[in-house]
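Geometric and topological summary
Listed below, chain by chain, are the residues.
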Amino acid sequence: MKYGYYPGCSLERNAAAYDISTRAVARTLGFELDELDDWNCCGATEYIAINKLAAYSLIGRNLALAQQQFHANGNGHLAADGRAQLIAPCSACFLNLRKADRYLQEDAKLRDTTNEALAAGGLHYDPGTVFVRHLLEMIVNDVGYDEVKRHVTKPLNGLRVASYYGCLLVRPRLGGELSDAEYPTELESLTKTLGAEVVDFPLKTHCCGGHMTQISAEVAYELIRRLLQNATEYRADVIVTICPMCQLNLDAYQTRVNQHFGTNFNLPILYFTQLMGLAFGLEPKTLGFGKEIVSAENALIKIQRSPESAAAPAPSRPRKKKEEGLPMPRMPEDEEVTA
Amino acid sequence: MSDELNLENAEERIGVYICHCGTNIAGTVDVAEVREWAEKRLKSRGVVLARDYKFMCSSLGQELIEKDITENRLTRVVVAACSPHLHENTFRTACKRAGLNPYLCELVSIREQVSWVHTDKHAATDKAKAVLSGGVERVRHHQPLEPLRVPIHPATLVVGGGIAGIQTALEIADAGRRVYLVEREPSIGGHMSQFDKTFPTLDCSACILTPKMVSAGMHPNITLMTWSEVTKVDGYVGNFAVTIKQKARCVKTDLCTGCGICQEKCPKKVIDEVYEAGLGYRKAVYTPFPQAVPKFPVIDKPNCTYFQKGTCKACEKFCPTNAIDFNQQDELITVEVGNIVLATGYDLFDARRIPHYGYGRLANVFTSLEFERLTNAAGPTNGNIVLRDGKTTPKVVGIVHCVGSRDRNYNNYCSAICCMQSLKFAHLVKERTGATVYNFYIDMRTAAKAYDEFYQRVLEEGTLFVRGRVAEVTDAARLPGEEGKLIIQVEDTLAGKQRRIPVDMVVLSAGLQSRHDSKEVAKLFGISCSADAWFIEKHPKLDPVSTMTDGVFIAGCCTGPKDIPNSVSQGAAAAARVLTYIDRGEITLEPVRASINEMKCSGCRICNNLCPFNAILFHADRMVSEVNAALCQGCGTCVAACPAGAISGTGFSNEQIMSQIEGLLLLNLNGAREKELAYA
Amino acid sequence: MSETFEPVIIGFTCNWCSYRAADLAGTARVKYAPNVRLIRMMCSGRLDPTFVMKALSGGADGVLITGCHPGECHYIEQNYKALRRFILLKRTLTQMGIEPGRIKLVWASAAEGVKLAEEISKMVEEVRALGPLNWNGHDQTFEVFETSKVSELEAA
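Here the residue numbering is sequential within each chain, running from 1 through the sequence in written order. Chains carry letters from A onward and ligands carry numbers from 1 onward, assigned in written order. Two thresholds apply to this predicted model, a pLDDT of at least 70 for residue-level local features and 80 or more for giving and counting side-chain atom pairs, whereas whole-chain, interface and lining totals are computed over all residues. Based on all heavy atoms of the structure, the side-chain values leave hydrogens and waters out of the count.

A few words on the confidence of the model for chain C. On a scale of 0 to 100, pLDDT captures the predictor's confidence in every residue. Considering every residue of chain C, the mean pLDDT works out to 84; 85% of them sit at 70 or more. Two residues qualify as a contact provided that any one of their heavy atoms is within 4.5 Å of a heavy atom in the partner residue. For residues 138–156 of chain C, every residue scores under 50 in pLDDT, and the model assigns this stretch 30 contacts once sequence neighbours within four places are set aside.

In C-alpha cells form, the structure reads like this:
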C-alpha cells in the first residue's frame, strides 16, 4: 500500500521523534509513505480564524499539490472511491486539511476565490479529490489490529499506558472513521494489541490547551495539570499521544506545571508510533527516544528495553484483589480476555 | 354507443362514490370535478351514476350506496375514499346489506395515496381521476365470492410470563378456556418481580404480583411451560400448531418439592445476569427468587460443575426426593391453539453504549435495574442502598434521566416510565438514607393518574431537580471537593450555566428497548416490527392489541414502553379479543385463493416448488396440479409463474390487474392519457 | 401540459408491507411526487412480468415494484421470487432497448412510509431525466391511435 504523506512543520522539528518512528513503523508494516513535494505549513490552529482567504489558500496549496502529485498519476495512492489518500500524522494538520476540503466542497464562492489565489501559483484544487486521513485511523482501519499483532515481537508487558487523543482528531467530527467522538477506543485497542496494559483515562479527549501557553499560561497550565493528574491517578507509566501539539504541551510544560502547582508529575509523553516500534522490536534510538524532555528511561527499564534494565527487577503482575462487595458489570472487553 | 368495448360488460351498472372525508380529501382534490368527470367520461365503461359525499363511511353515506343498489340496480360499486385497510369492510358490508355480493365492491385510496401526500391541487385531482378509473376497470372483473369459514380452536398460546402475559392467561383461563403460558426463564414474573416498589402508590411489587403468579401457576386451565421457547409456528388463525422447546430442567417436577436444599448445597456460585441484573449471585442449580412459580429449580448446564467437569453431583446427593435427573433431554412439544398472544416484554437499554456515562468503568454508576435490586429487601444488599463496595451509604446521589432515550444517537423515543421510576428512586433514597438527591432531567413527564401528585410530593421532600442532559460522568477531579467523587457535568438550562456536581452514586435511568431477538420472534409468528423493533399494532390507536396477522395479538411492552397499569390493561384487552374469537367459534377469511384450471394445466410442475405453504399437489395420474384451498394463503406467486396461464387468483386475477393498469393509464378511454387529464 | 415532462409511473405494492408503507406515508402527511399510481397485490411474488410490459406499452414511463424486505415476506420468501423476476426482466427490457432505469425494485416495510415516499420522488426524477418512453407511439403530442373512437367519445 502506498500513501501520500504530509508530515507538517512539527514533525520536522520538535516532533521529529514522531516522524522518525512513523517511517520506521511504516517500513515494518510494509506500507509506503510518499512525501508530498514542496509542501507548506497548514496554518496551524489560529490562522483560519484570522484571515480566511489566506488560510484556505495556504491549506489549499497542499491539497492542490496532493491532487497534482497523487491523484492525476496516483498509482497506488488511491482509495477505493478514487480519491487520492493523504496521510497526516499531526491532528492539527489533519483537521485543517480535512476541514478545508469539506468547506471548499460546500461553499462555491470560497472555492472560486481560493482557486483564483492558487492560480497565481499555477495550481488548482478540485475539492473531494483528496482523502485526508489521520495516521492512527489509517493504521487501525487499513492495516488492522491483526496485522499489527503479527509484527509484535517484544510485547510491552506491564507498561501502563494512558491513551490520549486530544480534541482535534475527534472534533468536529468531519469524518466517521473513528468509533466515537466523545469516547473513541481505537488507540486503546491498538495499545492493547502491543501488549501494554491500558488504563482508564477519562480525560482522553479533553483539550491540552493548544497554543494557550503563549496567550494565557495559567489557563494552559490548569488544562495540562488535569490531564497529568488524571493519568497519574490511574497509575499510568506513560501517556501516549497522536498529536505533536499535545505531546509538546504535556512534555515541555510538565516542569512548569510542577512549579506552578507544587506537584511532582513525572510522566513521559510518547507517540503511539514509538510504542509500536518498541513492540516490533526496533531499537529505542531508531524511534526517536531521548528527544523527549521528561525522560522515558523508567518506562523503558520497566519493559526491559533499556541498557539499565538488567538491574531492574522484572515487573510482577499485581495480584488480583479478592472480590468483595457487589460485582462490577461485565464489559465486552472482559469477555474477550477471558474467552 | 357503438363502442365494442362496452358490449362485453354492457349489463354492468357501476356506481361511483367519492368521499370528501371532510376536508381531508376535498381540501386537495376537487371532488366535484372528479365526480363530473367520472359521470361523463366513465359512462362508456359502465358507470351509471357518480356521487360525492362529505363522509362516505358515515351511516348516511352507506345508506346512499344501499339505496342506489336497490333503486338504481347497481351491479358494482367503486368507492374512492381512504385506504382499503380502513374501510373496505365497511363498504362491503353496506353492499351486502343491500343484497349485492360484498366482493363486487372496490375501494380505491384517494386520501392516503393522493390528498394527504400531494399539495398541487390540479395534479392531485388528475391522479384521483386516474386512480378512480383504475378502480372502475378492475371492478368490472370482480367475481361474486363467498368468504372462507374457519373454525377456531378454543385453546390459546400466551408467550411471555411477565405481568401482561400473566394477566392475559388469567383472563382467558377464568373464562373457562385452555391457555398454554410459555416463559423462557425458569419462573414467570418478568421484570415486575425484580422491582421493590411500584410508582406512584409505592405498593410492594412482590405483594401485588405474587398472588397473580400463584393463581396462574395453580389455575386448572393454565398449562405453565417455563424454561421453554417457541421454535415453530404452523397454520393460521383458528388452527395454529405451535412447537415449543421445553429445555431440560434436569429436575423431575413430579418428585421435586421445591425445598431448596439443592441450591443450598450447590458449590458453584454464578453472577445472576438476569434476575439480579448482574448485581447478585445465584447457584448453578437455582430458582431465580424465593417466590418463583413454578417452585422447581433448573440446572444451568454451562455453569454446572457436573456438566462441565463430570464430577460433583452435590445436588443429586442431597436431594431428599431424588428429583435430580442429569439425563433429562430437551423436549419438543406441539400444541394446537386457535389464537396466540405475544407478551414478550422489553430489554433494558445497555448503558455501556454511552461510554461517557462511565457505566462498567466507574464502580458507583448503577443502572436503574441494578438500583431496583439494591432497594429490594430480597436483593443482594437486603434493601440497603450502598455503594459498590457493599457497605458505604452514599451521601449524595445523582439520578440521570433519559439514558439512551430521546437521543438521536441511541433511541429517539421517550421510554415513558423513566421519569416516574426516577422519582420513585429519589423518594426511596431520601427515605432510607437521607442522602441529597439530584435528578437530571430534560422534561418531566408524569402524565397519568396520581403521577404528577407523586412528583409534587418528591419535590416537597427536597429532591433537587436540574434541567439539562448530563454531558459526562467522570472521576477526574478538577476542583476542591471533587476528589474521590463522581462528578456529573451538566448544563443547567434553567440557570443557563455549566455545573459540576460531585456525587457518591450515579443511577442511570436507562430506557426500554425491544427485546434483542424481537425481530426473529416477529418473523416466527409472522408479524411486523417497527424500525425500533417493537411489534407493530394493527392500528396504533384503534386496534392496539391486534396485529396484521389474524389470530396473533400483542400486549405489554413488546409493542413499546409501558408502565404496569398499561401492560395489565393490554393483557386483559388481548384476552378479550381472543375470547371474542373463541366464542364466535369460527372466523371468516378473505377468499383470496389460487385455483388451477385443469384443462389448461400442462403438468409442468413449475408451480409446485414455488408454493411456500406446500398447498399445490400434483396428480401424477392425470398429470395436473391442484391447489389445496385450505392451505393456500393467496400470495399469487404461482399465478404469476404459470407458463400456461392455467392458475388464476381470486381477487387478484390477471384480468383484474391488467384492466386496472389500463384504467390507471386511461387506456380505457382510448389511450388519450394525458389529454384526458390536462387541466386546460 | 406544462413544459416540463411529467412522467407516469405505475407502482406495484404488496398488501402487507409496501402498500401499508404508502398508507403510512399518507397518515404521516409525507409529501411525494404525484406521478406514481399504485396497484395493490397480495404479494410482490404475484408480479407477472407481463404486468410490467403492459404498463410500459400502455403509456407508463416507468414501473416501480415494491415488496417486503428480504426475510420479512408475509408469505415467507415470495419476495425473493419477485427479485429473481425483476433481475431477469431488467435484462429483457434492456435487450428491447428500454433503459433499465425505468424499472425499479424497492423494499419497504410497513414502517417505512418516509423511505417509500423518498424512493418514489427519486424515481420520478430519474425517469423524468430519461424522458418519455414513447413506446408504441404514446408521447406528448397525443398521437392517439383509433382517433375516430376518441371523437365519438367526445361527442358522447
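Glancing now at the pairing of strand β2 (residues 36–41) of chain C. Two faces make up the sheet, and in a regular strand the side chains alternate between them. Residue and element names in this part refer to chain C. Of all 6 residues making up β2, 6 are buried, and the element is well covered by its neighbours. Partly exposed residues are those whose accessible area sits between 20% and 50% of the maximum for their type, while under 20% is buried and over 50% is exposed, using a 1.4 Å probe and protein chains only. Working definition: helices are DSSP H or I runs of at least four residues, strands are E runs of at least two. Numbering for both runs from the N terminus. Neither face of β2 is open: one carries V36, L38 and R40, the other R37, I39 and M41, and all of them are buried. Here, a strand pair is defined by DSSP locating no fewer than two bridges between the strands. Bridge analysis of strand β1 (residues 9–14) against β2 gives 6 bridges, and the strand direction is parallel. Following the sheet pairing, F12 is matched in β2 by I39. Regarding topology, helix α1 (residues 18–27) serves as the crossover connection from β1 to the parallel β2, and that connection is right-handed. When the strands point away from the viewer and the path from the first strand over the helix to the second turns clockwise, the crossover is right-handed.

Turning next to the pattern of salt bridges. The rule for a salt bridge is simple: a side-chain nitrogen of Lys or Arg has to be within 4 Å of a carboxyl oxygen of Asp or Glu. A full pass over the atoms with the stated rule returns 59 salt bridges over all chains. Of the charged contacts, one joins B:R45 and B:E137 as a salt bridge, the two residues approaching to 2.7 Å between their closest N and O atoms. You can see B:R45 sitting in the loop between α1 (31–41) and β2 (47–53) and its partner B:E137 sitting in helix α5 (residues 121–139), a full 92 residues away along the chain. A salt bridge links B:R92 to B:E590; the shortest N-O distance between them is 2.7 Å. One end of the pair, B:R92, is in helix α3 (residues 84–97); the other, B:E590, is in the loop between β30 (586–589) and β31 (594–596), with 498 residues separating them in the sequence. On the basis of relative accessible area, B:R92 is assigned to the buried category, the value being 11%. Overall, the relative accessible area of 36% leaves B:E590 in the partly exposed class. Each of the salt bridges in this network shares a partner with another, and the network as a whole consists of B:E88, B:R92, B:E590 and C:R40.

Residues and elements named next belong to chain C. Reading across the sheet, the 4 strands line up as β2-β1-β3-β4 and stay open at both edges, with parallel pairing between neighbours. Two strands lie at the open edges of the sheet, namely β2 and β4 (103–107), each paired on one side alone. Here the strands of the sheet are splayed against their neighbours by 20° on average, with no regard to which way each runs. Here 4 bridges tie β1 to strand β3 (residues 62–67), and the two strands are oriented parallel to one another. What counts as an axis is a line fitted to C-alpha atoms, over the stretch in contact for a helix, and the angles between N-to-C directions run from 0 to 180 degrees.

By contact count, the dominant pairing among the 2 pairs of chains in contact is that of chains B and C. For the non-touching pair chain A and chain C, the nearest C-alpha separation works out to 22 Å.

Further remarks concern the interface of chain C and chain B. One frequently used descriptor of interface size is the decrease in accessible area upon assembly of the parts. Taken together, the contact pairs 59 residues of chain C with 59 residues of chain B. A 1.4 Å probe defines the accessible area here, and the buried area is the portion of it lost by two parts on being joined, summed over both. Buried area between chain C and chain B, summed over both chains or domains, comes out near 5,300 Å², and the portion from carbon and sulfur atoms is 60%. Scanning the region where chain C abuts chain B turns up 2 salt bridges. Think of a polar contact as two N or O atoms within 3.5 Å of one another; within protein, one of them needs to be a possible hydrogen donor and the other a possible acceptor, and neighboring residues in sequence only count if both atoms come from side chains. Linking chain C to chain B there are 18 residue pairs in polar contact (both at pLDDT 80 or more). Elements with a minimum of two residues in the side of chain C that touches chain B: β1, α1, β2, α2 (49–57), α3 (78–95) and α5 (147–155) of chain C. If one sorts the elements of the side of chain C that touches chain B by residue count, α1(C) sits on top with 7 residues.

Contacts between the two partners involve 29 residues from chain B, matched on the other side by 23 residues from chain A. A salt bridge links A:D200 to B:R361, with the nearest nitrogen and oxygen atoms 2.7 Å apart. There are 6 residue pairs in polar contact (both at pLDDT 80 or more) connecting chain B and chain A. Elements that contribute at least two residues to the side of chain B that touches chain A include exactly β14 (280–283), α11 (368–375) and β24 (470–474) of chain B.

Residue and element names in this part refer to chain B. Helix α18 (residues 654–664) packs onto α5 with a crossing angle of 150° between their chain directions and a minimal axis gap of 7 Å. What the angle tells us is that α5 and α18 run roughly antiparallel. Crossing of α5 against α18: the hand is right-handed. Counting all contacts with α5, which are made through A130, V131, S133, G134, E137 and R138, the residues of α18 involved are Q656, S659, Q660, G663 and L664. Orientation is classified from the angle alone, with under 35 degrees giving roughly parallel, over 145 giving roughly antiparallel, 65 to 115 giving roughly perpendicular, and any other angle giving oblique. Two helices cross in a left-handed way if the nearer one is turned anticlockwise from the farther one by less than a right angle. They cross in a right-handed way if the turn is clockwise.

A separate point is the environment of B:P502. Residues and elements named next belong to chain B. With respect to the helices and strands, the residue P502 is situated in strand β26 (residues 497–503). Owing to a relative accessible area of 27%, P502 belongs among the partly exposed residues under this scheme. Once the C-alpha coordinates of P502 and D583 are considered, the two residues, 81 residues apart in sequence, prove to be 62 Å apart. Once you skip the residues sitting within four places of it in the chain, P502 turns out to touch V396, G481, E482, K485, L486 and I487.

Residues and elements named next belong to chain B. To estimate how far a helix should extend, the number of its residues minus one is multiplied by 1.5 Å. End to end, helix α2 (residues 59–71) covers 18 Å across 13 residues, agreeing with the expected 18 Å (1.5 Å per residue, within 8%). Residues of α2 that are buried: G61, Q62, I65, E66, D68 and I69. The buried residues of α2 occupy an angular sector of 160° when projected down its axis, which confines them to one face. Residues of α2 that are exposed and point more than 90 degrees away from the buried face comprise L60, T70 and E71. In this structure, the buried side of α2 is in contact with β1 (14–19), β2, β3 (76–81) and α3. Looking one or two residues beyond α2, the residue adopting positive phi is R73, at roughly 50°. Regarding the arc, it is the one traced by the directions from the helix axis to the C-beta atoms.

Before going further, it helps to spend a moment on unusual backbone geometry. In this model, B:F199 is joined to B:P200 through a cis peptide bond whose omega is -10°. With respect to the secondary-structure elements, B:P200 resides in the loop between β8 (197–198) and β9 (203–204). Omega for the peptide link from B:V293 to B:P294 comes to 0°, which places this bond in the cis form. One can find B:P294 in the loop between β15 (285–286) and β16 (298–299). Positioned with a positive phi, A:D38 is a non-glycine residue whose angle comes to about 60°. Its place among the elements puts A:D38 in the loop between β2 (32–35) and α2 (47–50).

All names here are of chain A. Taking every second residue as pointing to the same face, both faces of strand β5 (residues 160–163) are buried, with R160 and A162 on one and V161 and S163 on the other. As defined by bridge partners, β5 adjoins strand β6 (residues 197–199) across 3 bridges and the pair is classed as parallel. Across the sheet, the residue bridging to A162 is V199, located in β6.

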